[in-house]
There are 2 protein chains.
Amino acid sequence: MSVTLKDVAQAARVSVSTASRALTGTGLTSERTQQRLTRIARELGYRPNPIARGLKTGQSRLVALLVHNLTNASFQVMAEVVQARLKALGYQMLLCIGGDDPEQESDTLTTLVDHRIDGLIVVPTGKNGTQLKALAKDVPIVCLVRRDDATDLETVLADDPQGAYLGTRHLIELGHRRIGLIVGRQDTTSGRERLSGYVRALREAGIPVDDTLILAGHFVPETGATCCRKLLDLPRPPSAIFVANHEATLGALRVIAERNIAIPDDLSLLCYEDMPWFEWHRPAISIVDNGAHDLANLAVDRLLHRMDAKGNGNDGVREYRVGARLVQRDSCRRIEAAPPARSGKPRSSPSRSSASKLSASKLSASKSAKV
Amino acid sequence: MSVTLKDVAQAARVSVSTASRALTGTGLTSERTQQRLTRIARELGYRPNPIARGLKTGQSRLVALLVHNLTNASFQVMAEVVQARLKALGYQMLLCIGGDDPEQESDTLTTLVDHRIDGLIVVPTGKNGTQLKALAKDVPIVCLVRRDDATDLETVLADDPQGAYLGTRHLIELGHRRIGLIVGRQDTTSGRERLSGYVRALREAGIPVDDTLILAGHFVPETGATCCRKLLDLPRPPSAIFVANHEATLGALRVIAERNIAIPDDLSLLCYEDMPWFEWHRPAISIVDNGAHDLANLAVDRLLHRMDAKGNGNDGVREYRVGARLVQRDSCRRIEAAPPARSGKPRSSPSRSSASKLSASKLSASKSAKV
DNA sequence: CGATAGACTGCAAACGATTGCAAAAACGCT
DNA sequence: AGCGTTTTTGCAATCGTTTGCAGTCTATCG
């Protein structure tokens with residue numbers, strides 16, 4: 001059906017081996033025949049068959065990216081970045097969706113190595129450590145965003161402690177003292193790490209950590225909504241909420257809208273991870289950007305490195321952290337006269353709680369206005 | 001490194017060919033050896049090498065899906081659906097991102113056929129018709145969502161005329177007479193088709209088509225915002241806006257928020273295509289669902305059919321339309337006393353324009369309330 | 001009991017490339 | 001011209017499967 005190396009060789013009246021060497025540029029051919037063959041190959045429209053080549057060389061020019069889903073905006077950018085980078089290098093990306101399900105992950109992993117992929121970037125569920133470890137002997141692997149504790153795989157992580165710290169500090173600098181935190185399950189790394197960053201920022205500012213302001217759980221939007229309600233219903237509700245969990249943001253926003261709470265006037269809102277519509281939302285939502293772009297790029301870098309190094313790309317470093325970045329938009333507001341410079345102690349809280357009460361009255365006011 | 005067929009054969013003291021036949025179930029083996037071999041294969045952890053098999057059979061068990069991006073929610077669900085379906089059948093999905101760029105599309109297409117993919121589902125840019133046509137000789141291809149007029153490829157399309165009709169009719173049934181339309185470029189199929197559905201619904205209801213209410217353009221969120229402003233600034237602004245373009249929705253929402261227009265009280269809003277956060281938005285946004293799920297499923301069905309049929313899966317049908325569906329949420333409201341049954345003529349418009357004026361006064365009211 | 005059909009099995013040639021090894025050609029030098 | 005070197009080429013094996021063909025076995029029947 002298609003033009004094979006043999007055809008090219010015949011047309012050029014040389015042997016297949018010469019043709020192969022000339023076209024792959026494996027040194028041992030004369031300049032002249034090399035050029036002649038490339039020309040003939042082009043004329044004939046020859047395209048090497050990666051399958052046949054792969055059989056011999058054990059390589060497939062296929063690199064897989066295994067993520068949990070495509071709904072998550074971070075995974076989207078990562079997929080796009082990885083695809084773009086790999087393509088430029090002549091690799092095809094095999095994008096797989098594991099749904100954060102260990103069984104699916106395991107299945108996919110085996111099919112992938114069957115297909116003799118040349119490399120793998122994976123967001124591990126954390127439940128297939130032994131399998132991953134075994135595969136790592138055959139294929140260069142880089143873990144992304146999540147660590148699999150059962151392995152010693154090279155891992156590219158977001159700097160969640162720093163991100164959460166950055167976000168919390170931002171709110172503190174704006175004068176907030178009661179900052180609600182809606183955060184992921186504490187049995188996930190990101191859940192723990194984000195909480196720790198939050199705590200550190202508070203400690204550093206000499207603000208006592210109030211446990212009633214910290215809500216953690218296995219998140220879906222519904223839970224986000226519940227948590228947000230709990231925070232707002234507190235006798236002394238927070239003046240700012242830091243939603244440090246991707247899924248929870250939707251629920252929180254809904255509750256805020258339902259109660260007609262004005263952002264940032266009645267409440268400051270800061271979210272973790274960007275979504276394309278956040279900057280179109282009104283008010284545009286300030287975020288801590290986990291650096292999905294950089295994460296993906298670094299992961300690709302590391303993977304390529306290992307692929308080049310043929311088995312011992314092992315530089316001693318096991319873990320890379322990509323810095324988070326604060327993106328200020330319009331959902332956080334400075335409250336009352338915060339000390340302009342770092343002098344004097346933070347004020348006490350009574351006026352803040354009155355601000356929250358204002359929100360309650362505002363709620364009924366706007367409701368009646370609508371009728 | 002890994003267990004090959006030869007190893008299995010040796011362990012079972014049979015020839016490679018027998019092993020092959022036993023394991024692939026190609027008839028000609030005795031029940032007994034077949035079972036024995038499957039057992040041994042399992043014990044040894046034998047996994048057939050798809051590359052070697054592919055070389056011989058010309059198949060790769062790889063099916064590619066080529067979409068424009070992953071930001072578009074429709075493409076996300078399609079990717080997830082296709083992946084899930086294919087996986088269940090033992091295929092791996094090769095997800096490629098073409099960025100709606102003809103050159104990239106062309107590149108990707110050639111690499112894909114090089115890799116001897118078994119099938120291809122593509123959202124064509126429409127600029128590589130000849131190439132696609134040529135490839136279709138080697139590989140079963142199904143076009144998705146967009147048609148490539150230069151080819152006669154089997155195509156699975158959303159029923160945009162019907163969707164737009166459905167949406168518009170819904171608004172009309174709610175009593176709206178002045179319905180703004182923000183729609184895509186008229187040189188795209190979907191742009192034209194959505195406009196036509198809108199017009200048909202109006203005609204059918206005996207409502208004159210007012211050109212000033214129809215805004216079309218090459219859309220990005222910014223343009224969506226501009227269009228939305230234009231509509232609202234009209235001397236007689238619409239009482240409902242149908243944003244029939246995915247990208248434009250963000251911009252429109254922002255303008256609505258900026259002007260403090262209450263949905264659905266001051267303005268009804270209906271959008272085309274769903275986004276995961278639409279139902280969490282407050283008010284939850286009513287949409288016309290283009291049926292991404294069904295589209296993807298049908299595309300897979302058709303592709304599989306062609307793949308089975310080995311070249312002549314050609315059933316005569318060239319084009320499939322997947323019905324759109326109206327999903328009512330909270331962003332559209334019945335206005336004034338619309339005729340409860342289909343009797344009498346629609347009322348005239350003065351009261352409606354007063355509704356729009358109300359929105360203007362509301363705007364200043366809420367603004368002052370905030371200060 | 002021997003012939004013969006039928007069911008299994010094995011040999012060996014593909015598939016399209018890469019690659020070690022040896023032969024051939026080209027070159028430089030005396 | 002003859003010889004040793006170096007470069008360039010071709011032969012043939014190989015990667016792990018599948019598959020046509022021929023050979024082997026078993027069973028059945030005359």
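Residues numbered from 1 in each chain as written. Chains lettered and ligands numbered in written order. Predicted model: local features only at pLDDT ≥ 70, side-chain atom pairs only at ≥ 80, totals over all residues. Heavy atoms only, no water.

Q: Sorry, what's going on with the protein's contact with DNA strand D here?
A: Near DNA strand D lie 25 residues; those nearest to it are Thr18(A), Arg21(A), Lys56(A), Leu5(B) and Ser20(B). The share of sugar and phosphate among atoms of DNA strand D within 4 Å of the protein is 62%. At 2.8 Å, a side-chain N or O of Arg21(A) approaches a base oxygen of DNA strand D. In this structure, a base oxygen belonging to DNA strand D sits 3.3 Å away from a side-chain N or O atom of Lys56(B). Elements supplying a minimum of two residues to the surface near DNA strand D: helix H2 (16–24) and helix H4 (50–57) of chain A together with helix H2 (16–24) and helix H4 (50–57) of chain B. Residues that form the surface near DNA strand D fall into these classes: seven nonpolar, 12 polar and six charged. (Near = heavy atom within 4 Å. Polar contact = N/O pair within 3.5 Å; in protein donor to acceptor, adjacent residues only side chain to side chain. Helix = DSSP H or I, 4+ residues; strand = E, 2+ residues; numbered from the N terminus. Nonpolar A, V, L, I, M, F, W, Y, C, P; charged D, E, K, R; others polar.)

Q: Is there a simple way to think about unusual backbone geometry in this case?
A: Glycine aside, residues mostly have negative phi, and peptide bonds are mostly found in the trans state. Backbone torsion omega between Ile263(B) and Pro264(B) reads 0 degrees, so that peptide bond is classified as cis. Between Arg282(B) and Pro283(B) the backbone carries a cis peptide bond, its omega angle lying at 0 degrees. Inspection of the secondary structure puts Pro283(B) in the loop between strand S9 (268–272) and strand S10 (286–289). For Arg116(A), which is not a glycine, the phi torsion comes out positive at approximately 55 degrees. One can find Arg116(A) in the loop between helix H6 (102–114) and strand S3 (119–122).

Q: It is not clear to me how the sheet that holds strand S7 (residues 214–217) of chain B should be interpreted in this structure. Could you clarify?
A: Strand-to-strand pairing in sheets goes through backbone hydrogen bonds, with the strands running parallel or antiparallel. Residue and element names in this part refer to chain B. If you walk across this open sheet you meet the six strands as S7-S6-S8-S9-S10-S12, and the pairing is mixed. The two strands at the open ends of the sheet, each matched to only one other strand, are S7 and strand S12 (325–327). Direction aside, the axes of adjacent strands within the sheet are offset by 15 degrees on average. Where S9 lies against S10, three bridges are found, and the strand directions are parallel. Looking across to S10, one finds that Leu270 is bridged to Ser286. (Pairing = 2+ DSSP bridges. Axes fitted to C-alpha atoms, helices over the stretch in contact; angles between N-to-C directions.)

Q: Hey, could you run me through the relation of the copies chain A and chain B in this one?
A: The operation linking the two copies of the chain is a rotation about an axis combined with a translation along the axis. Superposition of chain A onto chain B requires a rotation of 180 degrees combined with a translation of 0.1 Å along the rotation axis, giving an RMSD of 0.2 Å. Those values place the two copies in the arrangement expected of a two-fold rotation axis. The residues that chain A uses at the interface reappear at the interface of chain B in 96% of cases, marking a shared surface. (Least-squares fit on C-alpha atoms with pLDDT ≥ 70 in both. Contact = heavy atoms within 4.5 Å.)

Q: What should I look at first to understand the packing of helix H5 (residues 73–88) of chain A against helix H12 (residues 292–309) of chain A in this one?
A: The relative placement of two packed helices is expressed as an angle between their axes plus a distance between the axes. All names here are of chain A. Relative to each other, H5 and H12 sit at 40 degrees, their axes nearing to 8 Å. Comparing their axes, H12 and H5 come out oblique. The way H5 lies across H12 gives a crossing that is right-handed. Packed against H5, whose contacting residues are Ser74, Val77, Met78, Val81, Val82 and Arg85, the element H12 presents Ala292, His293, Leu295, Ala296, Asn297, Val300, Asp301 and Leu304 at the interface. Of the residues in the contact of H5 with H12, the class split is nine nonpolar, three polar and two charged. (Parallel < 35°, antiparallel > 145°, perpendicular 65-115°, else oblique. Left-handed = near helix turned anticlockwise from the far one by under 90°.)

Q: Would you mind going over the interface of chain A and chain B with me for this structure?
A: In many analyses, interface size is given as the accessible surface area lost on bringing the parts together. Each partner contributes to the interface: chain A provides 54 residues, whereas chain B provides 53 residues. Looking only at chain A, the three residues that lose the most surface to chain B are Ile51(A), Arg254(A) and Trp280(A), adding up to 15% of its buried area. Linking chain A with chain B are two salt bridges. For Asp114(B), the salt bridge identified is with Arg47(A), shortest N-O distance 2.2 Å. Linking chain A to chain B there are 10 residue pairs in polar contact (both at pLDDT 80 or more). Going through the elements one at a time, H4, H5, strand S2 (92–97), H6, helix H10 (221–232) and helix H11 (248–258) of chain A are the ones with two or more residues in the side of chain A that touches chain B. (Buried area = accessible area lost by both parts, 1.4 Å probe. Salt bridge = Lys/Arg side-chain N within 4 Å of Asp/Glu carboxyl O.)

Q: I keep staring at the protein's contact with DNA strand C and nothing clicks. Help me out?
A: Within the structure, DNA strand C sits among 25 residues, and Leu5(A), Ser20(A), Arg53(A), Thr18(B) and Arg21(B) are positioned closest to it. In this structure, Arg53(A) approaches DNA strand C through a side-chain N or O atom, which is 2.8 Å from a phosphate oxygen. Thr18(B) has a polar side-chain atom sitting 2.5 Å from a phosphate oxygen of DNA strand C. Broken down by secondary-structure element, the contributors of at least two residues to the surface near DNA strand C are H2 and H4 of chain A together with H2 and H4 of chain B. Sort the elements by how many residues they give to the surface near DNA strand C and H4(A) lands first, with five residues. The residue makeup of the surface near DNA strand C, split by class, is eight nonpolar, 12 polar and five charged.

Q: How should I be thinking about the pattern of salt bridges in this particular structure?
A: For side chains of opposite charge, pairing can occur when their charged atoms come near one another. All names here are of chain A. Under the criterion given, the structure shown has 42 salt bridges over all chains. Across the salt bridge formed by Asp160 and Arg194, the nearest N and O atoms sit 3.2 Å from each other. Of this pair, Asp160 sits in helix H8 (residues 160–173) while Arg194 sits in helix H9 (residues 189–204); the two residues are 34 residues apart in sequence, bridging distant segments of the chain. Both residues of the pair, Asp160 and Arg194, count as buried. Residue Glu204 pairs with Arg200 through a salt bridge whose shortest N-O separation is 3.7 Å. Placement of the pair is Glu204 and Arg200 together in helix H9, with a separation of four residues, close to one helical turn. (Buried < 20%, exposed > 50% of the residue type's maximum accessible area, 1.4 Å probe, protein only.)

Q: In this structure, what is going on with the sheet that holds strand S10 (residues 286–289) of chain A? I would like to understand it.
A: Residue and element names in this part refer to chain A. With respect to topology, six strands assemble into an open sheet ordered S7-S6-S8-S9-S10-S12, the strand pairing being mixed. The sheet is open, and its two edges are formed by strand S7 (214–217) and strand S12 (325–327), each paired on a single side. In this sheet, neighbouring strand axes are inclined to one another by 15 degrees on average, regardless of whether the strands run parallel or antiparallel. Where H9 meets the sheet, it contacts strand S6 (179–184), S7 and strand S9 (268–272), and its direction lies at approximately 165 degrees from that of S6.

Q: I keep staring at the packing of aromatic side chains and nothing clicks. Help me out?
A: In this description, an aromatic ring pair is defined by two values, namely the gap between the centres and the angle between the planes. Applying the stated criterion across every chain, the model contains five aromatic pairs over all chains. When the centroid spacing of 4.3 Å and the interplanar angle of 20 degrees are considered together, the rings of Trp277(A) and Trp277(B) count as stacked. A residue pair is termed interchain when its members come from two chains, as with Trp277(A) in the loop between S9 and S10 and Trp277(B) in the loop between S9 and S10. The pair Trp277(A) / Trp277(B) is uniform in exposure class, with both members buried. Arranged with centres 6.2 Å apart and planes meeting at 20 degrees, the rings of Phe242(B) and Tyr272(B) form a pair that is stacked. Linking Phe242(B) in strand S8 (residues 240–243) with Tyr272(B) in strand S9, this pair joins segments that are 30 residues apart in sequence. Residue Phe242(B) is classed as buried on the basis of its relative accessible area of 0%. Taken together, the ring pairs connect Trp277(A), Phe278(A), Trp277(B) and Phe278(B) into an aromatic cluster. Above the plane of the ring of Tyr272(A) lies Arg194(A), whose end atom (NZ or CZ) is 3.9 Å from the centre. (Phe/Tyr/Trp six-rings, centres within 6.5 Å; stacked < 30°, edge-to-face > 60°. Lys NZ or Arg CZ within 6 Å of the ring centre and 35° of its normal.)

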